[in-house]
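Listed here are the chains, written in short residue letters.
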Amino acid sequence: MAVNDKKVFLYVGKSNEAGTTTYPTYTDTQIKAFNADEFVLTCGNYDGYLKDRDAMDEYIASLLKLAKQVIRRTGKFIWLGIPRPPKAQKDLSGEWIPITMDEYEGYAYRYLDWFIEPVHQELIQLIASNGHDYYYTYVQGFYMNDEHVSRSDLGFGVDFSYSNLLSHPQIFMYSIILDHLKSSTYGWKKLLWAPYAGRGGNYSSTYADIAYIANTTDIFDTVLLQPGVYLHSNDDVDLNADVIRNSMNMQEVRTRDDKGNTNNRVVAKRSSTKIGCQMEIDEKFIYNPTVYKATYNKTVDKLGGSNVTVPSDRHFSFYWGDDTSVMADLTKEVNKFFANLN
């Protein structure tokens, strides 16, 4: 069976892009019910934390409260979610304003100053039963809550070359953060990423971007590919589950084509990055089962059990939603999937 690679995501902080709602809290019983090896504690799609120190401090307080709860009630490893960077904006004429390399470099150091260092300082004050601090003992690393590498057609004004990945500001930002995390100052921590697979007209470039980052750099310890089948199931998107299964079996991010082939090479693997899957399920599975049980089962049929043939390659995580009123039912589905991997 896979060792220490069944992850569950738990969300805290602001739960929508406007920042007007927050995620619910969890009981000890709800957290302990997951048969996961690790928990990823992170925020949602809100992109304002890096622009507002007070908002960041509020997120850190919520995150640390949950981190202490998970550690003390489960003794499991955790990953801490780095909020996504600000999105590009449009000018008065409706044109996208590019975010520059200098701005992204500034974001990297702001992450270190506003987020990583305060979290680090808080957790090293707490001592585990083995005499080591919480940060050293339980924190595997950090999760980059930024699910897509934006290109020039998405408003960032960046046209980068795969021969020089660090010419892309976002990827450059990731590398700066990792260089600090893997130092003795921060305990040689890892970086985790869960990008979404491509769909529609952009699937080819999306897979290529992910493949070059995952296959040719060691920026991320693990890359968990999101199929998108659960929410966007159609003949196009359904192929993503096949690509992800093939990528996990090859331990190399693969791609598909217009002919339906789902095991095409983008670039040869020369990194140590682990390739896995971010499984998707949420409250719609309960409230609209006619549609969402079918779409969920598509990914289970393609990826569950022994479809990933080598147990040590079964790197799975779950985004389970955020409706705690149906959390018990969704937890049963998550645990059933994990149990069938053994």
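Residues numbered from 1 in each chain as written. Predicted model: local features only at pLDDT ≥ 70, side-chain atom pairs only at ≥ 80, totals over all residues. Heavy atoms only, no water.

Caption draft 1: Structural detail: the sheet that holds strand 8 (residues 222–225). Strands sit in the order 1-2-3-6-7-8-11-12 around a closed barrel of 8 strands; the barrel is parallel. Pairs of neighbouring strands in the sheet enclose a mean axial angle of 25°, with direction left out of account. Here strand 11 (residues 274–280) pairs with strand 12 (residues 316–319) via 4 bridges, running parallel. Bridge pairing links Cys277 to Phe316 in strand 12. The strands that helix 5 (residues 169–181) touches are strand 3 (77–82), strand 6 (139–144) and strand 7 (190–193); relative to strand 7, the one it contacts most, it runs at about 145°. Against the sheet, helix 8 (residues 239–250) engages strand 8, strand 11 and strand 12, with an angle of about 150° to strand 11. (Pairing = 2+ DSSP bridges. Helix = DSSP H or I, 4+ residues; strand = E, 2+ residues; numbered from the N terminus. Axes fitted to C-alpha atoms, helices over the stretch in contact; angles between N-to-C directions. Contact = heavy atoms within 4.5 Å.)

Caption draft 2: Region of interest: helix 11 (residues 327–339). In this model helix 11 runs 18 Å from its N-terminal to its C-terminal C-alpha over 13 residues, within 8% of the 18 Å that 1.5 Å per residue would give. Those residues of helix 11 not exposed but buried are Met327, Leu330, Thr331, Glu333, Val334, Asn335, Phe337 and Phe338. Residues of helix 11 that are buried make contact with strand 1 (6–11), helix 1 (28–32), strand 11, helix 9 (284–287), helix 10 (289–303) and strand 12. (Expected span 1.5 Å × (residues − 1). Buried < 20%, exposed > 50% of the residue type's maximum accessible area, 1.4 Å probe, protein only.)

Caption draft 3: Focus on the pattern of salt bridges. The final tally for this structure, using the stated rule, is 15 salt bridges. Its salt-bridge partner being Lys274, residue Asp221 comes within 3.0 Å of it at the nearest N-O pair. Here the residue Asp221 occupies a position in the loop between helix 6 (203–216) and strand 8, and Lys274 occupies one in strand 11, the gap between them amounting to 53 residues. A relative accessible area of 25% places Lys274 in the partly exposed class. Salt bridges here are not isolated pairs; linked through shared partners, they connect Asp5, Lys7 and Glu38. (Salt bridge = Lys/Arg side-chain N within 4 Å of Asp/Glu carboxyl O.)

Caption draft 4: Geometry of the packing of helix 2 (residues 53–74) against helix 3 (residues 101–123). Running from N to C, helix 2 and helix 3 point in directions that differ by 35°, and their axes come no closer than 10 Å. The handedness of the crossing between helix 2 and helix 3 comes out as right-handed. Two secondary-structure elements touch here, helix 2 through Arg53, Met56, Tyr59, Ile60, Leu63, Leu64 and Lys68 and helix 3 through Asp113, Trp114, Phe115, Pro118, Val119, Glu122 and Leu123. Considering only residue class, the contact of helix 2 with helix 3 consists of 10 nonpolar, no polar and 4 charged. (Left-handed = near helix turned anticlockwise from the far one by under 90°. Nonpolar A, V, L, I, M, F, W, Y, C, P; charged D, E, K, R; others polar.)

Caption draft 5: Here's a closer look at the nonpolar core. Of all hydrophobic cores here, the largest spans 101 residues; its most connected members are Leu10, Phe39, Leu41, Leu80, Phe115, Phe316 and Trp320. What Trp320 contacts, discounting residues up to four positions off in sequence, is Val8, Phe9, Leu10, Tyr26, Phe34, Ile281, Asp282, Met327, Leu330 and Val334. (Core = buried A, V, L, I, M, F, W, Y, C linked by side-chain atoms within 4.5 Å.)

Caption draft 6: How the structure looks around the environment of Ser93. Within the secondary structure layout, Ser93 lies in the loop between strand 4 (89–90) and strand 5 (96–97). Look at Ser93 and you get exposed, because its relative accessible area is 58%. Measuring from C-alpha to C-alpha, the distance between Ser93 and Met173 comes to 29 Å, with 80 residues separating the pair along the chain. There is a polar contact of 2.7 Å between the side chain of Ser93 and the side chain of Asp91. (Polar contact = N/O pair within 3.5 Å; in protein donor to acceptor, adjacent residues only side chain to side chain.)

Caption draft 7: Geometry of unusual backbone geometry. In the Ramachandran plot, Trp188 falls in the positive-phi region, its phi being about 55° despite a non-glycine side chain. Relative to the helices and strands, Trp188 is located in the loop between helix 5 and strand 7. Backbone geometry places Gln251, a non-glycine residue, at a positive phi of 50°. By the secondary structure assignment, Gln251 is in the loop between helix 8 and strand 9 (254–255). Given a relative accessible area of 14%, Gln251 falls into the buried group.

Caption draft 8: A look at the side chain of Gln278. Within the fold, Gln278 resides in strand 11. Accessibility expressed as a relative area gives 3% for Gln278, which makes it buried. A polar side-chain atom of Gln278 sits 2.4 Å from a polar atom in the side chain of Ser317. Apart from the residues lying within four places of it in its own chain, the contact partners of Gln278 are Phe9, Ala194, Leu224, Leu225, Gln226, Pro227, Ser317, Phe318 and Tyr319.

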